[in-house]
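# Architecture at a glance
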Amino acid sequence: NAGVTQTPKFRILKIGQSMTLQCTQDMNHNYMYWYRQDPGMGLKLIYYSVGAGITDKGEVPNGYNVSRSTTEDFPLRLELAAPSQTSVYFCASRAANNEQFFGPGTRLTVL
Amino acid sequence: GENVEQHPSTLSVQEGDSAVIKCTYSDSASNYFPWYKQELGKRPQLIIDIRSNVGEKKDQRIAVTLNKTAKHFSLHITETQPEDSAVYFCAASFTGGGNKLTFGTGTQLKVEL
C-alpha cells in the first residue's frame, strides 16, 4: 500500500512553460485535494475532487487546471508558468474518518 | 469562507517542558479540527484531531482542547522531546461541501536540550 504518490519530486520551469504534476492514491478514496505551500506559510487549497469526474475550485485556483478521470489519479496542470507559482505542491486524499493523507510533495521553481 | 489564525509563529521550550499552540476559526459551521506535524522537507502528517461534539482529546503526550463558543482550539504537548521539533499546523473544516481544510500559518516549535 503506497498511499499517495507524486511525481516529479523536483522541477524547474521557465516562464511560460507548462507541466503536469501527477498524483496517485491506492486507498480507494473518493476525495482528493491539491495544495500549495509557500515558504513559511500554511497550505492553501488549489482544487479538489469528490469523485471521478467531479472537480471544484479551492482558494487559489488561478493558473491551474485539474481533471479526475479515475478514482486513483488526480493530475494538476500548470499552463503558462509564472514565478508566482514557485512553491511546494502537495496532493492529498481523504479517508472516511476525515483524515487527509498527503503525498511527498513536488518542489517547483519557475525562473 | 473559513479563516484560521494560529499563534505563536515560533515557540522555543526546554526539553521536558510543555508547549501550547492556539488557533481560532471564524466559521461556526466548522466541525472538524486536525493538527498536522511537518518536519523539514517532509509532508504534513496528522498527529491528532477533534470533532465539534468533543471538548478534549488526548493521545499520550499530545492533547487537543476545543471551545466552540469562543471558536478556538489548542494543541498541548507535554514532556517535550527534541524529536517534537517541527512545524505544527492547525486546520478547520466543515464535513460537507468537499471537507475542505483551511490551515493556519504554522508554529515552528524548537525543543532545546
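Residues numbered from 1 in each chain as written. Chains lettered and ligands numbered in written order. Predicted model: local features only at pLDDT ≥ 70, side-chain atom pairs only at ≥ 80, totals over all residues. Heavy atoms only, no water.

## A closer look at the overall build of chain B
For chain B, the helix and strand inventory stands at zero helices and 11 strands. Beginning at the N terminus, the succession of helices and strands in chain B can be written as β-β-β-β-β-β-β-β-β-β-β. For chain B, the spread of C-alpha atoms along the principal axes amounts to about 45 × 30 × 20 Å. Among the 113 residues that make up chain B, the fraction classed as buried is 44%. In the structure as shown, chain B presents an accessible area of about 5,700 Å², 46% of it carried by carbon and sulfur atoms. Side chains of chain B carry 12 positive and 13 negative charges; the gap between the two charge centres is 6 Å. (Helix = DSSP H or I, 4+ residues; strand = E, 2+ residues; numbered from the N terminus. Buried < 20%, exposed > 50% of the residue type's maximum accessible area, 1.4 Å probe, protein only. Areas by Shrake-Rupley, 256 points an atom, 1.4 Å probe, with all protein chains shown as cover. Lys, Arg positive; Asp, Glu negative; His and termini not counted. Charge placed at Lys NZ, Arg CZ, Asp CG, Glu CD.)

## Some remarks on the interface of chain A and chain B
Opposite the 21 residues of chain A that make contact, chain B presents 18 residues. Taking both partners together, chain A and chain B bury about 1,600 Å²; carbon and sulfur atoms supply 54% of that area. On inspection of chain A and its partner chain B, the count reaches zero salt bridges. Those elements that provide at least two residues to the side of chain A that touches chain B are strand E4 (31-37), strand E5 (43-51), strand E9 (87-94) and strand E10 (100-102) of chain A. Grouping the amino acids of the side of chain A that touches chain B by side-chain chemistry returns 12 nonpolar, seven polar and two charged. (Contact = heavy atoms within 4.5 Å. Buried area = accessible area lost by both parts, 1.4 Å probe. Salt bridge = Lys/Arg side-chain N within 4 Å of Asp/Glu carboxyl O. Nonpolar A, V, L, I, M, F, W, Y, C, P; charged D, E, K, R; others polar.)

## Observations concerning the pattern of salt bridges
Pairing between side chains becomes possible if they bear opposite charge and their charged atoms approach one another. For the coordinates displayed, the defined rule picks out seven salt bridges over all chains. Of the charged contacts, one joins Arg36(A) and Asp38(A) as a salt bridge, the two residues approaching to 2.9 Å between their closest N and O atoms. The partly exposed category is assigned to Asp38(A), whose relative accessible area is 25%. One salt bridge in this structure joins Asp49(B) and Lys57(B), with 2.9 Å as the shortest N-O distance. Among the residues examined, Asp49(B) registers a relative accessible area of 8% and is labelled buried. In this structure Lys57(B) comes out as partly exposed when scored by relative accessible area, which is 35%. Sharing partners across several salt bridges, the network here consists of Asp49(B), Arg51(B) and Lys57(B).

## Topic: the sheet that holds strand E7 (residues 62-67) of chain B
Residues and elements named next belong to chain B. Pairing within the open sheet is antiparallel, and its five strands lie in the order E1-E3-E8-E7-E6. Of all strands in the sheet, those with a lone pairing partner are strand E1 (4-7) and strand E6 (56-59), marking the two edges. Neighbour-to-neighbour, the strand axes of the sheet open up by a mean angle of 15 degrees, direction not taken into account. As paired strands, E1 and strand E3 (residues 19-25) are joined by four bridges and run antiparallel to one another. (Pairing = 2+ DSSP bridges. Axes fitted to C-alpha atoms, helices over the stretch in contact; angles between N-to-C directions.)

## Details of the sheet that holds strand E3 (residues 19-25) of chain A
All names here are of chain A. Pairing is antiparallel in the open sheet, where four strands are placed in the order E1-E3-E8-E7. Edge strands, defined here as strands with exactly one partner in the open sheet, are strand E1 (4-7) and strand E7 (64-66). Sheet twist, expressed as the mean angle between neighbouring strand axes with direction ignored, is 20 degrees. Direction of pairing for E3 relative to strand E8 (residues 76-78): antiparallel, over a ladder of three bridges.

## Quick notes on the packing of aromatic side chains
Enumeration over the complete set of coordinates arrives at 14 aromatic pairs over all chains. Between Tyr33(A) and Tyr35(A) the ring centres are 6.2 Å apart and the planes differ by 25 degrees, which places this aromatic pair in the stacked class. Accessibility expressed as a relative area gives 0% for Tyr33(A), which makes it buried. For Tyr35(A), a relative accessible area of 0% gives the class buried. When the centroid spacing of 6.4 Å and the interplanar angle of 70 degrees are considered together, the rings of Phe102(A) and Phe103(B) count as edge-to-face. (Phe/Tyr/Trp six-rings, centres within 6.5 Å; stacked < 30°, edge-to-face > 60°.)

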